[in-house]
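Descriptive analysis of the structure
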Amino acid sequence: MFDLVIRNGFIIDGTGTPGFRGDVAITGDTIQAVSPSISEAGIKEIDAAGKIVIPGFIDPHVHEEWICFSDAKYELFLRQGVTTVVNGNCGHSIFPGPKENIIEYYWGNGLMSSRQREVYKKTFPDWQDFDGYARAVESVGTTLNFITLLGHGTIRWTVMNGAHDRPPTEEENEQIEQIIRQNMQQGAWGISFGLDYVPSRYAKMEELVHVAGIVKEYDGVAAAHLRHAIGVLEATQEFLEVGRRSGVKLQVSHLRPNCPEAFEAVEKAVAKGVRARIDTIPRSTGHCTSKARLIQFIMALSDELFTAGEEGVKRALHTPEGRAIIKKDAYIFSGDKSDKFIVLSEDPSLEGRSVKDIAEERGQDPDECMLDLLGDEKKYVFWLGGPVRKDFPGDGHPDSIVQNPFVSVGTDEILGDPEDPFDWYELQRRGGFPIFMEMYRAKGVPVEEIVRRNTTMIAQHFGIERRGEVKTGYFADLAVIDLERYHFPAPQEVDYRKPLTMAEGVDAVIVNGHVVIDEGKLISAFPGRVLRKSQFRRRLK
């Protein structure tokens, strides 16, 4: 008798080959049989009639590395059919420790609220490196499997004692290399760059190639939030050159579909031997941000206000000189404020209105109105950018991107506060996989190909063995999905005052053989694992 049998489903195995109706049998954490019909019973059985049975999706671009220490359920991912995520993106790393170092880095970059900063210093377990972090995660549990990257920004910031616009010294380079090698040997999967962010944006080609070359020795992946300031195509070409010179495998992160030429550049580079893949956010809107988090962002963006802290920003809001600094440094003040909205307010008359509209009513300049709102005593949730983003449009991707075989989803889910869902969120990213499925099916891409791009393609690129495919002997990471109900509401359909909105249509999810969603209901189980690269690949000579 098997532990679990999934019966009567339409099995899409992740390889891109046509699906078939059949059964899947599981014992322990492993798939024992895949067949048109399995006669032996299971201790538990799931009827998947009318549904697809697929490998659990792999999300190659998230920022969930420490969320498990406060909320390990990861329900929003499970409800999309995701069973494995790649953490440590955009140059932001969970090591080197101690934890106080990591917390200060994330807080200083606006990625952790001041409330979280103080609480997490007291409640997070201690770690110094990948091995310690893995054991810390295992001590609290997680529903998902973690692939973990090193973050170039965090390592550079730690070694160089801050964000400095200069190359590392010879001694600093040696320390950076030692940290990379130690953690790669312990099981990290590669490194990420955040080339729009300090301090990674200070790294020139020579530094990027040097770091990528170290990771290449361990058959790791180098991922990058590109240097968008030079242009999307130009930034893509810069990162492809890193791959050419170093030979490392590349993951081009959240590539913007309003620049199809960049996607074409990657495809052409792959044809010439560069080992590169692309992830993109299928649809995104502006970010919803509490006033408190927005003040923190202003602090993080300003060299002059950073040392003054959040209280310094609040003081600056009430002086002409301070307001001038904020307007100069904070990107949120670009434009006429017609795309900056108030979602929630203690004054209901302001909800659903743009700052431009409120300014006109008050007879104010829109910038001054925004500063007044930030400086008053009321609480607000702002929607910065509103329902339309030109770089991640909601009306579908160009055909050349849809047909590009190297493109997958990367949800880039926002690093908010699990205990304060209104702190910082963007809803469309919570439905990246159903959005991608609907968008690409509508343009004629077979379901089998959509599943391949988001399972085996990523597993093979990162070197994740025995995952990403419905196959005998593979780990039992599976999702049962009702395609007719698999959906996430569009910006014009969703209520942005409900930050916990999740996808629909996932009937069951299995992680390492354990059922974590059953008949659409979340089960309290934490069978996820911190996967170690060193289990699968020895260092390349």
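Conventions we followed
Residues numbered from 1 in each chain as written. Predicted model: local features only at pLDDT ≥ 70, side-chain atom pairs only at ≥ 80, totals over all residues. Heavy atoms only, no water. Helix = DSSP H or I, 4+ residues; strand = E, 2+ residues; numbered from the N terminus. Rg over C-alpha atoms; globule rule 2.2 N^0.38 Å. Buried < 20%, exposed > 50% of the residue type's maximum accessible area, 1.4 Å probe, protein only. Lys, Arg positive; Asp, Glu negative; His and termini not counted. Charge placed at Lys NZ, Arg CZ, Asp CG, Glu CD. Contact = heavy atoms within 4.5 Å. Core = buried A, V, L, I, M, F, W, Y, C linked by side-chain atoms within 4.5 Å. Pairing = 2+ DSSP bridges. Arc of directions from axis to C-beta.

Let's shift gears to the overall build of the chain. Per the secondary structure count, the chain includes 19 helices and 23 strands. By the compact-globule yardstick of 24 Å for 541 residues, the chain fits well, its C-alpha radius of gyration being 23 Å. C-alpha atoms of the chain, sized along the principal axes, occupy 75 × 60 × 45 Å. When each of the 541 residues of the chain is scored for burial, the buried share is 63%. Treating the 64 positive side-chain charges of the chain as one cloud and the 81 negative ones as another, the clouds have centres 3 Å apart.

Turning next to unusual backbone geometry. Here the amide bond leading from phenylalanine 95 into proline 96 is cis, since omega sits at 15°, within 30 degrees of zero. Following the sequence through the fold, proline 96 ends up in the loop between strand S7 (82-87) and helix H2 (99-108). The step from glycine 97 to proline 98 runs through a cis peptide bond, and the omega angle for that step is 10°. Position of proline 98 relative to the elements: it lies in the loop between S7 and H2. Positive phi, close to 55°, is recorded for asparagine 161, a residue that is not glycine. Looking at the element boundaries, asparagine 161 is found in the loop between helix H5 (152-159) and helix H6 (170-186). Note on asparagine 161: relative accessible area 68%, which makes it exposed.

In this section: the environment of leucine 373. Topologically, leucine 373 is positioned in helix H15 (residues 366-375). In this structure, the C-alpha to C-alpha distance between leucine 373 and valine 409, residues 36 residues apart in sequence, is 36 Å. If we skip the residues at most four places from it in the chain, leucine 373 touches Lys291, Ile342, Leu350, Val355, Arg362, Tyr380 and Phe382.

Right, let's get into the nonpolar core. Counting residues in each nonpolar core, the largest one holds 143 residues, and the members touching the most others are Trp66, Ile180 and Ile326. When residues in this core are grouped by element, the largest group, seven residues, is from helix H7 (residues 205-217). Sequence-distant contacts of isoleucine 180, defined by excluding residues within four places in its chain, comprise Leu150, Ile155, Ile191, Val211, Ile214 and Val215. If you look at the next biggest cluster of nonpolar residues, it comprises 17 residues, including Ile6, Ile11, Leu478 and Val480.

Turning our attention to the environment of proline 199. Of note, proline 199 is situated in the loop between strand S10 (190-194) and H7. With a relative accessible area of 1%, proline 199 lands in the buried category. When the C-alpha positions of proline 199 and glycine 19 are compared, they lie 47 Å apart, and in sequence the two are 180 residues distant. Look past the residues within four positions of proline 199 in its chain and what remains in contact with it is Gly153, Arg156, Trp157 and Ala163.

Take the pairing of strand S1 (residues 2-11) next. Most of S1 is tucked away: seven of the 10 residues are buried. Summarising the sheet, S1 and strand S4 (residues 42-47) pair through five bridges and their orientation is parallel. Residue phenylalanine 2 lies in a different strand from S4, and its bridge partner there is glycine 42. Here S1 runs beside strand S2 (residues 20-27); their pairing, made up of six bridges, is antiparallel. Considered in S2, the bridge of isoleucine 11 is made with phenylalanine 20.

Moving on to helix H12 (residues 309-316). When H12 is considered as a whole, its buried residues turn out to be Gly309, Glu310, Gly312, Val313 and Ala316. End-on, the buried residues of H12 take up no more than an arc of 155°, which puts them together on one face. Tucked into the core, H12 has its buried residues touching H2, helix H3 (114-123), helix H10 (291-301), helix H11 (303-306) and helix H13 (320-329).

Judged by which residues are buried, strand S8 (residues 145-148) turns out to be covered on both faces: Asn145 and Ile147 on one side and Phe146 and Thr148 on the other are all buried. Here S7 pairs with S8 via four bridges, running parallel. Among the inter-strand pairings, threonine 84 is bridged to a residue of S8, identified as asparagine 145.

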